[in-house]
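Close look at the chain arrangement
The lines below spell out each chain.
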Amino acid sequence: MKPKYITNIEKITYLSEEEKMNLKKITEKYVFRVNDYYLNLIDWSDPNDPLKRLVIPSTDELQEYGRWDASDEDTNYVVKGCQHKYSTTALLLVSEVCGAYCRYCFRKRLFRTDVKEAMMDVSDGLDYIENHPEINNVLLTGGDPLTLATKKLRLIIERLRSIPHVKIIRLGSKMPVFNPMRIYEDKELLELLREYSTEENRIYLMAHINHPREITEEAKKCFKALHDAGVIVVNQTPVLRGINDDSAILSELLDKLSWAGVTPYYFFINRPVAGNDSFVLSLERVYKIVEKAKAKTSGLGKRVKLVMSHTSGKIEILAIDKGKAYLKYHQSRDEDYGKFMVLDCPPDAAWFDDLPNNEQHWKKPVKKTNDVISVNELPDTPQRKKNTDNLKNKE
């Protein structure tokens, strides 16, 4: 069963006319898309329902805050559609579409009409990967790669599997909870995954499950189909105010993931992205919530790491205690893997850049190619493209 997709906020029947009118201006700046499967998971009697907050726009998004590209991903591109930030890992941005658009999305810039970072044709990226033997794992992302037609996905995966040094293929996707039927009803997709996720070279699905209520019977059926196809499923989620900033909620999420055979992988600090002000929590608050959640779950749930995806790398938060942040580089652009840092941590600090003297531990990167324009240099409000097709028709 294919869910119905909605891209016009005025079509959401659960909202009042006043709400629709107020939210319309938000969708003119930040893209909106959702489907009826996910809408039915929302408790519409609760104005603060976390799943509603996750996909339905809020006027808070217009508050001045952050940058469109908070982690300077424009500096990671080596060719259009391909990022190479860490030595062994490459990213192919293969889609500009998701099953629905999370309001906190750190890549919401990709859905602007005046930005072109994701590529339908990633041939240049595939060539780059083939010519760089240090790359042993590739993440297909975007957008969501599982919004692509299975035939298109097959072409990309087959090419990657023809490159001997690529051992792991990863799919970054929220489809297991946005549209689980997309996966478990597509026999062609499952056969593709079964064919290319082998004992020697696995395919991993990096799921984005933010709240335990997203783990429905349909989602569990999806996990089973993926497991049966030989895919290893792991999960990552930011900790977000009003969505999952509660130790009981996070511990329930860790438990339900473990019970379903999904590895808890990362808890993220929300990136300071444009429109995200209402989701922000202090580093100290997130650390305490996560530690309380881990105390309530098994060792399987405790495998999760709390990290910041900073411009300079993935920074793991080891502890925050008595005004100090104890950190280390879990991943590093400058090969500073494992570098340990102790920095003052003001109570309101919400990002690495908020910690005094953080700049002593990293340097701003230089762009690898000028083919990709930084969205941070573009106007804050997306510039609409002229509809040249309509002009031609009028002529």
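Structural notes, computed from the coordinates. (Residues numbered from 1 in each chain as written. Predicted model: local features only at pLDDT ≥ 70, side-chain atom pairs only at ≥ 80, totals over all residues. Heavy atoms only, no water.)

Take the layout of surface pockets next. Considering only enclosed or pocket space, the largest pocket measures out at about 1,100 Å³ in volume. As for the largest pocket, its lining consists of 49 residues, of which Phe106, Leu139, His208, Gln236 and Phe268 are closest to the centre. Where the lining of the largest pocket is concerned, the elements lending two or more residues are strand 5 (89–93), strand 6 (137–141), strand 7 (168–173), strand 8 (203–207), strand 9 (232–239), strand 10 (263–269) and strand 11 (305–310). By residue class, the composition of the lining of the largest pocket is 23 nonpolar, 18 polar and eight charged. Of the volumes computed, that of the second largest pocket is approximately 330 Å³. Lining the second largest pocket are 17 residues; nearest its centre among them are Lys2, Tyr5, Leu146, Asn179 and Arg182. Per-class residue counts for the lining of the second largest pocket are nine nonpolar, three polar and five charged. (1 Å grid on protein atoms, 1.4 Å probe; cavity = no way out; pocket = protein on both sides within 12 Å on 5 of 7 lines; lining within 4 Å. Points joined across faces, edges and corners; volume = space filled by probe spheres on them. Helix = DSSP H or I, 4+ residues; strand = E, 2+ residues; numbered from the N terminus. Nonpolar A, V, L, I, M, F, W, Y, C, P; charged D, E, K, R; others polar.)

Here we take up helix 11 (residues 283–295). End to end, helix 11 covers 18 Å across 13 residues, agreeing with the expected 18 Å (1.5 Å per residue, within 8%). Along helix 11, the residues classified as buried are Leu283, Val286, Tyr287, Ile289, Val290, Ala293 and Lys294. The buried residues of helix 11 all sit within an arc of 165 degrees when viewed along its axis, so they share a single face. In helix 11, the exposed positions that point more than 90 degrees away from the buried face belong to Lys292 and Ala295. Buried residues belonging to helix 11 abut strand 9, helix 10 (247–259), strand 10, strand 11 and strand 12 (313–321). (Expected span 1.5 Å × (residues − 1). Buried < 20%, exposed > 50% of the residue type's maximum accessible area, 1.4 Å probe, protein only. Arc of directions from axis to C-beta. Contact = heavy atoms within 4.5 Å.)

This paragraph deals with the environment of tyrosine 337. Tracing the backbone shows tyrosine 337 in the loop between strand 13 (324–329) and strand 14 (340–344). Taking the C-alpha atoms as reference points, tyrosine 337 and isoleucine 315, 22 residues apart in sequence, are found 9.6 Å from one another. Filtering out sequence-adjacent residues up to four positions away, tyrosine 337 remains in contact with Tyr86, Ser87, Tyr329, His330, Gln331 and Ser332.

We now examine unusual backbone geometry. Even without glycine at this site, aspartate 72 takes up a positive phi of about 50 degrees. Among the structural elements, aspartate 72 can be located in the loop between helix 3 (50–55) and strand 3 (77–79). For aspartate 72, a relative accessible area of 17% translates into the label buried. Although it is not a glycine, asparagine 357 sits at a positive phi angle of roughly 70 degrees. Looking at where asparagine 357 falls in the secondary structure, it is placed in the loop between strand 14 and helix 12 (388–394). Residue class for asparagine 357 comes out partly exposed when judged on its relative accessible area of 41%.

The next thing to look at is the sheet that holds strand 9. The sheet built from twelve strands is open, its strands ordered 3-4-5-6-7-8-9-10-11-12-13-14 with mixed pairing. The two strands at the open ends of the sheet, each matched to only one other strand, are strand 3 and strand 14. Looking at chain direction, strand 3 and strand 4 (residues 82–83) are connected through two bridges and run antiparallel. Each residue of the ladder has a partner; that of valine 79, found in strand 4, is cysteine 82. (Pairing = 2+ DSSP bridges.)

Here we take up the pattern of salt bridges. Going through the model one piece at a time under the given rule, you end up with 28 salt bridges. With its nearest N and O atoms 2.8 Å apart, the salt bridge here joins glutamate 130 to arginine 159. Placement of the pair is glutamate 130 in helix 4 (residues 123–130) and arginine 159 in helix 5 (residues 150–161), with a sequence separation of 29 residues. Here glutamate 130 falls in the partly exposed class, since its relative accessible area comes to 36%. For arginine 159, a relative accessible area of 23% translates into the label partly exposed. The network of salt bridges with common partners includes Asp69, Glu73, Arg107, Arg109 and Glu117. (Salt bridge = Lys/Arg side-chain N within 4 Å of Asp/Glu carboxyl O.)

Limitation: the analysis is restricted to geometry and does not speak to function.
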